[in-house]
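# Report on the structure
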Amino acid sequence: MYVAVKGGEVAIDNAHQALAEARRGNTAVPDLTVAQIREQMGLAVARVMAEGSLYDPDLAALAIKQAWGDLPEAIFLVRAYRTTLPRLAVSEPVDTARMLVRRRVSATFKDLPGGQVLGPTFDYTHRLIDFALAAEGGPPPPRAPEADRPLDPAMPRIADILGAEGLIEEETPGQGETGGGANAVPDLTRQPLTYPAGRAVRLQALARGDEGFLLSLAYSTQRGHGNSHPFVGEIRMGEVAVEIVPEDLGFPVIIGDVTVTECQMVNQFAGSKTVPAQFTRGYGLTLGYNERKAMAMSLVDRALRHGELGQEAPAQDEEFVLSHADVVEASGFVQHLKLPHYVDFQAELDLVRRLRRATAEDEGNAVRASEAPT
Amino acid sequence: MIPTDDTADTGAAPESGYTFGYLDEQTKRMIRRAILKAVAVPGYQVPFAGREMPLPYGWGTGGIQVTASIIGPDDVLKVIDQGADDTTNAVSIRRFFRRVTGVATTERTAEATLIQTRHRVPETPLGPGQILVYQVPIPEPLRMMEPRETETRRMHALADYGVMHVTLYEDIAQHGRIATAYNYPVTANGRYVMSPSPIPKFDNPKMHDAPFLQLFGAGREKRIYAVPPHTSVVSLDFEDHPFQVQSWERICDLCGADDSYLDEVIADDEGSRLFVCSDSDHCAGRRAAGYRGPRADSQAGVALTDAMAAVKREHERDRPAPPSSEEMGP
Amino acid sequence: MTALCAARLDAGAAGDDIPLLRADGVTKWYGARLGCAGVTFDLYPGEVLGVVGESGSGKSTLLGVLSGRMPPDAGGVHYRMGGGADLTDIHALPEGRRRLLMRTDWGVVHQNPRDGLRMGVSAGANIGERPMAVGARHYGTLRGQAGDWLSRVEIDADRIDDRPSGFSGGMQQRLQIARVLVNGPRLVFMDEPTGGLDVSVQARLLDLLRDLVARLGLAAVIVTHDLAVARLLAHRLMVMKDGRAVEQGLTDQVLDDPRHPYTQLLVSSVLQA
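Residues numbered from 1 in each chain as written. Chains lettered and ligands numbered in written order. Predicted model: local features only at pLDDT ≥ 70, side-chain atom pairs only at ≥ 80, totals over all residues. Heavy atoms only, no water.

## Some points on unusual backbone geometry
To be explicit about the condition: Here a helix means four or more residues in a row that DSSP labels H or I, a strand means two or more in a row labelled E, and each is numbered from the N terminus. Between buried and exposed lies partly exposed: a residue is buried under 20% and exposed over 50% of the maximum accessible area for its type, with that area taken using a 1.4 Å probe on protein chains only.
Each neighbour pair has its own omega, and for Tyr195(A) with Pro196(A) the value is -5°, a cis peptide bond. As for its placement among the helices and strands, Pro196(A) is situated in the loop between α6 (158–164) and α7 (199–208). For Asp242(C), which is not glycine, the phi dihedral falls at a positive 50°. With respect to the helices, strands and loops of the structure, Asp242(C) is situated in the loop between β9 (236–241) and β10 (244–250). Exposure remark for Asp242(C): the relative accessible area of 52% places this residue in the exposed category.

## Digging into the pattern of salt bridges
All names here are of chain C. Our working rule: A pair is scored as a salt bridge if a Lys or Arg side-chain nitrogen falls within 4 Å of a carboxyl oxygen belonging to Asp or Glu.
Scanning the model with the defined rule gives 59 salt bridges over all chains in all. Its salt-bridge partner being arginine 236, residue glutamate 47 comes within 2.7 Å of it at the nearest N-O pair. Of this pair, glutamate 47 sits in the loop between β2 (33–43) and β3 (48–52) while arginine 236 is found in strand β9, placing the two residues 189 residues apart along the sequence. Residues glutamate 47 and arginine 236 agree in their burial class; the two are buried. With a shortest N-O distance of 3.0 Å, arginine 179 and glutamate 129 are connected by a salt bridge. Here arginine 179, found in helix α7 (residues 169–181), pairs with glutamate 129, found in helix α5 (residues 123–133); they are 50 residues apart in sequence, far enough to count as distant. Look at glutamate 129 and you get buried, because its relative accessible area is 11%.

## Section: the packing of α7(C) against helix α8 (residues 199–216) of chain C
All names here are of chain C. We count it as follows: Axis definition: a line fitted to C-alpha atoms, over the contacting stretch in the case of helices. Angles run 0 to 180 degrees between N-to-C directions. We call two directions roughly parallel when the angle between them is under 35 degrees, roughly antiparallel when it is over 145, roughly perpendicular when it lies between 65 and 115, and oblique otherwise. By convention, the crossing between two helices is left-handed when the near helix turns anticlockwise from the far helix through less than a right angle, and right-handed when the turn is clockwise. Whether two residues are in contact is decided by their heavy atoms: any pair within 4.5 Å suffices. In this classification, Asp, Glu, Lys and Arg are treated as charged, Ala, Val, Leu, Ile, Met, Phe, Trp, Tyr, Cys and Pro as nonpolar, and every other residue, Gly included, as polar.
Remark: α7 packs on α8, axes separated minimally by 10 Å, with the N-to-C direction vectors making an angle of 10°. By the angle between their directions, the pair α7 and α8 is classed as roughly parallel. As for how α7 packs across α8, the hand of that crossing is right-handed. Contacts from Gly170, Gln173, Arg174, Ile177 and Leu181 of α7 reach α8 at Val201, Arg204, Leu205, Leu208, Leu209, Leu212 and Leu216. Residue composition of the contact of α7 with α8, by class: eight nonpolar, two polar and two charged.

## A word on the interface of chain C and chain B
Interface extent is often summarised as the accessible area lost during association of the parts. Operational definition: What gets called buried area is simply the loss in accessible area from a 1.4 Å probe that two parts show on being joined, summed for both. For the purposes of these results, a polar contact is taken to be a pair of N or O atoms within 3.5 Å, where, inside protein, one atom must be able to donate a hydrogen and its partner to accept one; residues adjacent in sequence count only when each atom of the pair is a side-chain atom.
On the chain B side, the residues contacting the 21 residues of chain C number 20 residues. In this assembly, chain C packs against chain B so that about 1,800 Å² is buried in total across both faces, 57% of it on carbon and sulfur atoms. Ranking the residues of chain C by area buried against chain B places Arg99(C), Arg137(C) and Tyr139(C) at the top, with a combined share of 38%. The tally of links between chain C and chain B comes to four salt bridges. Across the salt bridge formed by Arg99(C) and Asp160(B), the nearest N and O atoms sit 2.5 Å from each other. Counting the contacts that link chain C with chain B gives 13 residue pairs in polar contact (both at pLDDT 80 or more). Those elements giving two or more residues to the side of chain C that touches chain B turn out to be α3 (95–103), α5 and α6 (139–152) of chain C. The element contributing the most residues to the side of chain C that touches chain B is α5(C), with five residues. A class-by-class count of the residues in the side of chain C that touches chain B yields eight nonpolar, five polar and eight charged.

## Describing the nonpolar core
Inclusion rule: To qualify as a nonpolar core, a set must consist of buried Ala, Val, Leu, Ile, Met, Phe, Trp, Tyr and Cys residues joined through side-chain atoms within 4.5 Å.
Among the nonpolar cores identified, the biggest contains 67 residues, and Tyr169(B), Phe238(B), Ile127(C), Trp149(C), Leu175(C) and Leu181(C) are the most heavily contacted of them. When residues of this core are assigned to their parent elements, the largest contribution, seven residues, is made by helix α5 (residues 162–175) of chain B. What Trp149(C) contacts, discounting residues up to four positions off in sequence, is Ile127(C), Ala178(C), Leu181(C), Val182(C), Leu212(C) and Leu216(C). Grouped together as the second largest cluster of nonpolar side chains are 35 residues, Ala80(A), Ile31(B), Ala38(B) and Leu77(B) included.

## Looking at the interface of chain B and chain A
Taken together, the contact pairs 75 residues of chain B with 55 residues of chain A. Carbon and sulfur atoms supply 58% of the area that chain B and chain A bury against each other, a total of about 5,500 Å² over both sides. Run the count over chain B and chain A and you get seven salt bridges. Our enumeration of links across chain B and chain A arrives at 22 residue pairs in polar contact (both at pLDDT 80 or more). Elements supplying a minimum of two residues to the side of chain B that touches chain A: α3 (88–101), α4 (149–157), β11 (262–266), β12 (273–277) and α8 (299–317) of chain B. When the residues that make up the side of chain B that touches chain A are grouped by side-chain class, the tally is 37 nonpolar, 14 polar and 24 charged.

Okay, here's the thing in structure tokens:
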């Protein structure tokens, strides 16, 4: 039997068609609409937006559909599309203190101004498969009850409350990030990652980083590989306004709202005889509702801050963490091993054969010491 | 609006919805600046803000970005992977550029103005007008000895390269010879130790004092480096264990070439093997000129030749009628 | 007076009266904590200076600053580069020149051989690294040199292709010494070179070191908490306490007739033990 070794354009086309067919599945089952994915697979959409670093629920939903449900592949599609977009403006920093909150919890205070707002969460569900969901076409779930009173419009961030008392370190801009204006903040998507990265770039890299990777690293810090003794100061999720300052106007205008999840992790205090004790912060922020990711990010951020003083645990090693956190890079490079390596393998094959021959000759020479080589 | 996956190649103009070369003009300028710096300092890895491309990291995104930022409408592009124009990844990248630039493509090394390659330098010598763009997975030659970029950058800055010879020494001590067969480190312009990308060391001598421009793009690692024309590229070695390239005791089974890099092809399920040129254009050109290898007429040899010819016909069909000079084959 | 010391005095008589290394008020702080302060001395070619004191006395900090690995906060370290008579501030050198100095004229022997060896490559490659770093490109020569040095540090030449991870602690330390001495440094810094070794292994290593230092005419700064090590190897002693040098002098003189109360305490505690 002849073994096919060469791929051609027709073969590639056929593979693409096979993919399209497999992705669609049984055509007797109705085609998923992008709107269905956007509305009913919202957390998948949120993850694709966060790691794709592009806020567009429709596009993310379409990418999920095109990617056959594979989220890293959908993230990749969104990233590649992002490359084709010009950067028209740099927004003002979003103000999460003015968030339209849908969820807000703190593990450090039982009650606090604005209260605890549980919002949509899996936290207290029993993870029992709900077979009722399998019955399609049923009535939609009843609307969740409204609160007796509207949410407190003033919902200060826990970190700000602690900060007012000087109990937590101030967030200070890193080196090169002062000087005012949004342009002072480096943009990881427009300039290469170099080390040491600085906190602004680091937070950007973490915000785009692979949720699974960051989750495992965060977990490792809780198991003694870089102890940080964290408390969830506050998690909040909701909508924030994005503002830009058009040059010809000179004042900010709102161009839209985005959903974000923010986590402020309050960590072990630092201090000495001369410096009063203070809690330290770890910060996580993601596009969309990605609570697990925001929490993991805040733990890893804090771990990396410790790393500034000397690396100990993997999660404290900036180069290790940031160089390997991107799912598009990691997935690509791991999977590139399936590309042809005939030439390199041939070189190795040839070398191994030569080495084996040399060994055999040495043994042969030892046996036939008197014979002249031919 | 997302460009649709329209399979019709016009071949003459970039598909609507894309910028010429996919990248926006600002990005191209940024990459060109990195290339200029790289050319000015041969072998030095210039960081650049690599973008996500629609092909995965590891598939040649660095080379693609370099090509995309220097390609012009009059260029004639050739893309090879493992030396061959007909490997799937080469086909896919060539098709990508046809789609987003509309430039002419070719399999003939001599006709190309721009050649993007993974893992080989073509057998046909390149001339002054040509540019060779290498796809690079790991641009840092010191990486396996020192994983930390903060340290490797310092080692490059100080030309602190002793560790490279430590590994070569260790090869000889353990194996009796330098056991690096590909991605064999070189010194560019007498200064920077450089990865030649994972080409077999057979190709290293072609880089030295070459009349053509060599550009290296590493997309995931976001580095560009270069070897300008007529620059020394010296493979690391010892005086008493000089650098040597692979040589074969056999010749190409299809075209009889005795000076090309040979791929081993397992020809049937009995495990019988053919040795054929890895450079498909070189092999096809020789066969068209009437050269015959020892097993060109064997069943396996004929089957392989037919498969290659079929792939080539697909390529010809997939683009506008080529000038008659491109006609090839008996 | 030891025989070594006599040899050094002979060298001095030959007219080599320009110091090789000069420490001038070397001071180092770690934030608010003092590492060492105001340390001043001259070291002449072929001379061995022992720095003794208990842990935390600042002797390792001093060694770090002297050997160029740590910048001082005040004072300076000056070295006679090449064959000239001028003293150069080594901390003012560009890092590239300082690195070159460290792998040619200088050597550092670490207390833990793992800090000074490449554990993943063979003994031969370890010895060859410094010559290769400065351009040696003949495998046969490198190999001959490695074999020669293995025998000089009493390691069986058969072990040339073995990795040091399989060596005993004493062998690792001797390999580290060979790795440092192979390209003929003029000045070697040693941090507790016999620390962490068994007493019998220590004795053998000390003999070897004394012999090598004398034969090669090396200058050395040896940090140790062990007065016996200092007595055996050093021509001169500097006693450190709380970051400061409290007493300096010829080894026999300091040990037999200590002036400073702390030195007296140090010497008497050894005698009692």
